Amino acid sequence: MVTQALWRRKAVRQPQRNGHTELAKRLRITDLISIGIGSTIGAGVYVLVGTVARERAGPALTVSFLIAGIAAALAALCYAELSSRLPSAGSAYHYAYTCVGEGVAWIIGWALILEYTVGGSTVARGISPNLGIFFGGQENLPAWLSRQTIPGIDVVVDPCAGLLVVVVTGLLCLGIRESARVQSVMVIMNILVLLFVVGAGSWVGFSSGWQGYYQSEGYLPYGVNGMLGGAATLFFAYIGFDTVASTAEEVKHPQRDLPLGIGFSLFICASLYMLVSAVIVGLVPFNLIDPDTPLSSAFNDHGMPWATYVVAAGAIAALSTALMGSLLPQPRILMAMARDGLLPPFFSTLHPVTAVPVNSTLITGLVAALMAFSMSVDQLSGMVSVGTLSAFTMVAVSLLILRYVPPPEVSKAVIIQVLPDKGPPPSSVHISPSRPVFAKGSAIFSPILSIFSDASLQTLPGNNGLEDDCSSSASSSGSLLLQDEVDDEPEVNATAAAPDESPAMSSQVALHKSLLYADESRTSPESNEDLRRWAAVFAITGVCVGVILISLATAAEELPTSIRWTLGVLGTPSFVAASTVLFLIEQDEGHHKFGQAGSFHCPWVPALPLGSILVNVYLLVNLGLPTWLRVSVWLLLGVVVYMVYGMSHSQL
């Protein structure tokens, strides 16, 4: 029972129950681009430039940004296809639920809840230092905005951070269109500041001769490994484009605008990052860059102290948009999980006017405001990356499943024709519009049922009271509708003779219970298509196992050397062999009809998702044991919540 629940999948167009309605479609491509840029370009660029250049990459910082951008593009292209095919709230949670299973989807959604809460609180705590620049230091801020230490318990409260979260939460409650407009203004302000850094810095650089590029250590002072290590750190500066995917249900033209919004926002962010980094490392020698304030200190060293205020204004704008990008997706993920029954319906309530998940928005805003106000979340900041990288990995895996072993697209109704004439049941049953499934009696369906527990089966009504429904619904037309929701596809028909007596009706009900939707390949174990699907399943599994082993061998420095070598020896052939199988076998023809028509198709499959999985799993392992120990506590709590509530209340 538990195993079946963990791997049950919902249909693409799963019927919504309990009166759930969709979010209002009000976003255009310009809104998506501003949301993507605002969520991605946070205060990190104002700090990471100095830290990575000084400790990892040196003058090759621009190349590190380029490599990190290419790695991020792998995940972005996977998101682009799935978001356009499945334009629903929930982002990676929704994709995992449709392609992988309920248990994996729950873990992804639960991890993303932690990511956005901690991420928003961390961003908000960075407002006070930048705001203090305009007052001559943090100590000169008004008392109601400055940080205070509570005597006796040694807790530093930050009223400014808590107030900012409350303001952003209220803005999000006004509506997605209104909050997107405000975010667009802040994004434009941030871009103008970065363009000022590039323009003014270039003028200073040409005047001073770009002394940062003429150092005795050369262009790669830390070697190629240092440049690649810098790229691994800078990868997190690109996180944020996934926020665009979380708004998919609110986009007017998702098939066109979502891929363009994700692509353009990532391209603009990468371009700005590379331009800023090229200027800063050229103005100041890499070993002299201030790791805390690299941009403003670079201008100070060249007689432009007033530029500090411009940079501070850009940092405040970047922090505000990044905070909005953290608080925007979380209520929609909670709403999606509540729609599916995994959380209480309280979280799926929409405001009748603004069409915003108001309860989820207020709850998440309140929690984030309390965390930002009362605690320093620096130690928890590493946990933010676990949710993001796990989501990126699962999106790539879901794309492979979609291309090679696509799940059932829609749930279809079963209509049993009850003939008025008496007679024995037929020896064959024909199911349409799927490929025909023939069986001599119901017993043949039992082994199929034990193998394929697809979402289409899960969406059928439960067996409780089925006999009563059948006996009470028979009409003169001789048909029984055993499914409330009938999709646009042609109906599925089964013809069976049934006498008027109750035992005969029970036999028809038993026949219905044995029916299972399956395509022709699943009913022919010896067919080439069945072999291809099983090969794809084992290959995708082998890729995941191999990547985990390789990542542990290369990044888990806590393990003994002998164990790491063993893991590498086992993981490398597994990954290579499984990847080779995916390259050799054909993709499923049915994936073209999966989801919305006219959707974006990710190029270079399977190479691109394989690369995304490899990069993201490596970064996950590289986060270190302390981070994983802290995350495991949160994930364990999520397992308890799922076992106690989600599993039994699921719509499936």
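Since the model is a prediction, treat every value here as computed from it, not as a measurement.

Here we come to the overall build of the chain. A count of helical and extended segments in the chain gives 25 helices and five strands. Taking all 652 residues of the chain together, 56% fall into the buried category.

Overall, the coordinates contain 12 salt bridges when judged by the stated rule. Across the pair Arg8 and Glu102 runs a salt bridge whose closest N-O atoms are separated by 2.9 Å. One end of the pair, Arg8, is in the loop between α1 (2-7) and α2 (29-40); the other, Glu102, is in helix α6 (residues 102-124), with 94 residues separating them in the sequence. Comparing Arg8 with Glu102 shows no difference in burial state: the two are buried. As a salt-bridge pair, Glu249 and Arg339 come within 2.9 Å of each other at their nearest N and O atoms. Placement of the pair is Glu249 in the loop between α11 (242-246) and α12 (254-283) and Arg339 in helix α15 (residues 329-339), with a sequence separation of 90 residues. Take Glu249: its relative accessible area is 3%, and that puts it in the buried class. According to the relative accessible area criterion, Arg339 is buried, its value standing at 6%. When salt bridges with common partners are traced through the structure, they connect Glu529, Arg532, Arg533 and Asp588 into a single cluster.

Interaxial distance between α15 and helix α16 (residues 358-374) falls to 8 Å at its minimum, and their mutual angle equals 130 degrees. Between α15 and α16, the angle is such that the two are oblique. As α15 packs across α16, the resulting crossing turns out to be right-handed. In this structure, α15 uses Gln330, Pro331, Leu334 and Met335 to contact α16, whose residues at the interface are Ser360, Thr361 and Thr364. Split by residue class, the contact of α15 with α16 holds three nonpolar, four polar and no charged.

Let us look at helix α4 (residues 61-85). In a regular helix each residue adds 1.5 Å, so 25 residues correspond to 36 Å; α4 covers 36 Å between its end C-alpha atoms and thus fits that length. With respect to burial, α4 is a largely interior element, 19 of its 25 residues being buried.

Okay, the side chain of Thr308 next. Looking at where Thr308 falls in the secondary structure, it is placed in helix α14 (residues 307-327). Excluding residues within four positions of it along the chain, Thr308 makes contact with Ile133, Ser296 and Asn300.

It is the contact of helix α22 (residues 528-555) with helix α23 (residues 561-584), at a shortest axis distance of 7 Å, that shows an interaxial angle of 150 degrees. With respect to each other, α22 and α23 are oriented roughly antiparallel. Our pair here, α22 against α23, has a crossing hand that is left-handed. Here the residues of the contact of α22 with α23 sort into 17 nonpolar, eight polar and one charged.

Here the focus is the nonpolar core. Judged by nonpolar contacts, the single largest core of 159 residues is most densely connected at Tyr46, Leu61, Tyr79 and Phe241. Per-element tally for this core: the top contributor is helix α17 (residues 381-404), with 15 residues. Each residue touching Tyr79, except ones within four places of it in the same chain, is listed here: Ser91, Ala92, Tyr95, Phe241, Asp242, Ala245, Ile262, Ala391, Phe392 and Val395.

Moving on to the environment of Val617. Looking at the element boundaries, Val617 is found in helix α24 (residues 607-621). A relative accessible area of 10% means that Val617 is categorised as buried. As a C-alpha pair, Val617 and Ile548 span 69 residues in sequence and 6.6 Å in three-dimensional space. In this view, Val617 contacts Thr393, Val547, Ile548 and Ser551; residues no more than four positions away in its chain are not counted.

Bringing the environment of Pro142 into the picture now. Tracing the chain through its elements places Pro142 in the loop between α7 (127-132) and β1 (148-150). As for Pro142 and Cys160, which are separated by 18 residues in sequence, their C-alpha atoms are 9.9 Å apart.

With respect to the element layout, Ile191 can be found in helix α9 (residues 176-208). Spatially, the C-alpha atoms of Ile191 and Ile41 are 9.2 Å apart, while their sequence positions differ by 150 residues. Residues contacting Ile191, with those up to four places away along its chain left out, are Ile37 and Leu272.

Mean pLDDT over the chain works out to 80, with 79% of the residues at or above the 70 mark. Ranking the elements of the chain by mean pLDDT puts strand β4 (residues 479-481) last with 33 and α23 first with 96. Note on residues 410-525: pLDDT is under 50 here. Beyond four places in sequence and across chains, it has 182 contacts.

Turning to a nonpolar patch on the surface, a few remarks are in order. Taken together, Val2, Leu6, Trp7, Ile107, Leu636, Val639, Val640, Met643 and Val644 make up a surface patch of nonpolar side chains, about 780 Å² in accessible area. Looking at the nonpolar patch, the elements with two or more residues in it are α1 and α25 (625-649). Residue contributions to the nonpolar patch peak at five residues, all from α25. For Ile107, a relative accessible area of 31% corresponds to the partly exposed category.

Now for unusual backbone geometry. Each neighbour pair has its own omega, and for Val605 with Pro606 the value is 15 degrees, a cis peptide bond. Structurally, Pro606 is set in the loop between α23 and α24. Unusually for a residue other than glycine, Ser91 sits at a positive phi of about 55 degrees. Take Ser91: its relative accessible area is 3%, and that puts it in the buried class. Phi angles above zero are rare outside glycine, and Trp604 is one such case at about 55 degrees.

Applying the stated criterion across every chain, the model contains 20 aromatic pairs. Centroid distance Phe196 to Trp306: 5.8 Å. Interplanar angle 55 degrees. Geometry classified as tilted. In this pair, Phe196 is assigned in helix α9 and Trp306 in the loop between α13 (294-300) and α14, connecting sequence segments 110 residues apart. The class of Trp306 is partly exposed, set by a relative accessible area of 46%. Both rings, one in Trp210 and one in Tyr213, keep their centres 6.4 Å apart while their planes meet at 50 degrees; by these two values the pair is tilted. Three or more aromatic residues joined by ring pairs make a cluster, and in this case those are Tyr79, Tyr95, Phe235, Phe236, Phe241 and Phe392.

Let us now look at α9. For α9, with 33 residues, the first-to-last C-alpha span of 47 Å sits near the 48 Å given by 1.5 Å per residue. Just beyond α9, the residue with positive phi is Gly209, at close to 90 degrees.

With that settled, consider the side chain of Ser612. Mapping Ser612 onto the fold places it in helix α24. Look past the residues within four positions of Ser612 in its chain and what remains in contact with it is Leu74, Ala75, Phe392 and Ala396.

Thresholds applied
- All residue numbers refer to positions counted from 1 along the written sequence of the respective chain.
- This being a predicted model, a pLDDT of at least 70 is required before a residue's local features are given, and a value of 80 or more before pairs of side-chain atoms are given or counted; all residues contribute to the totals for chains, interfaces and linings.
- By convention in this description, side-chain values take in all heavy atoms of the structure and omit both hydrogens and water.
- The helix and strand labels rest on DSSP assignments: H or I over at least four residues marks a helix, E over at least two residues marks a strand, and numbering proceeds from the N terminus.
- The buried label goes to any residue with under 20% of its type's maximum accessible area, the exposed label to any with over 50%, and the partly exposed label to all in between, with areas taken from a 1.4 Å probe on protein chains only.
- We define a salt bridge as a contact between a side-chain nitrogen of Lys or Arg and a carboxyl oxygen of Asp or Glu at a distance within 4 Å.
- Helix axes are fitted only over the stretch in contact, all axes being lines through C-alpha atoms; the angle between N-to-C directions runs from 0 to 180 degrees.
- If an angle is under 35 degrees, it is roughly parallel; if it is over 145, roughly antiparallel; if it lies from 65 to 115, roughly perpendicular; otherwise it is oblique.
- Handedness of each helix crossing follows the sense of rotation of the near helix against the far helix: counterclockwise by less than a right angle gives left-handed, clockwise gives right-handed.
- Whether two residues touch is decided by their heavy atoms; if any such pair falls within 4.5 Å, the residues are in contact.
- Three residue categories are used. Nonpolar comprises Ala, Val, Leu, Ile, Met, Phe, Trp, Tyr, Cys and Pro, charged comprises Asp, Glu, Lys and Arg, and polar comprises the others, including Gly.
- By this rule the span expected of a helix is its residue count minus one, scaled by 1.5 Å.
- Put simply, buried Ala, Val, Leu, Ile, Met, Phe, Trp, Tyr and Cys residues joined by side-chain atoms within 4.5 Å make one nonpolar core.
- Scored from 0 to 100, pLDDT reflects the predictor's confidence in each residue.
- Exposure above 30% relative accessible area and the lack of any salt bridge qualify a residue for a patch; like charges then connect within 9 Å, and the nonpolar side chains Val, Leu, Ile, Met, Phe, Trp and Tyr within 5 Å.
- The method behind every accessible area is Shrake-Rupley, applied with a 1.4 Å probe, and residues are considered shielded solely by the protein chains displayed.
- Note on aromatic contacts: the rings of Phe and Tyr and the six-membered ring of Trp form a pair at centre separations within 6.5 Å, being stacked when their planes are under 30 degrees apart, edge-to-face when over 60 apart, and tilted otherwise.

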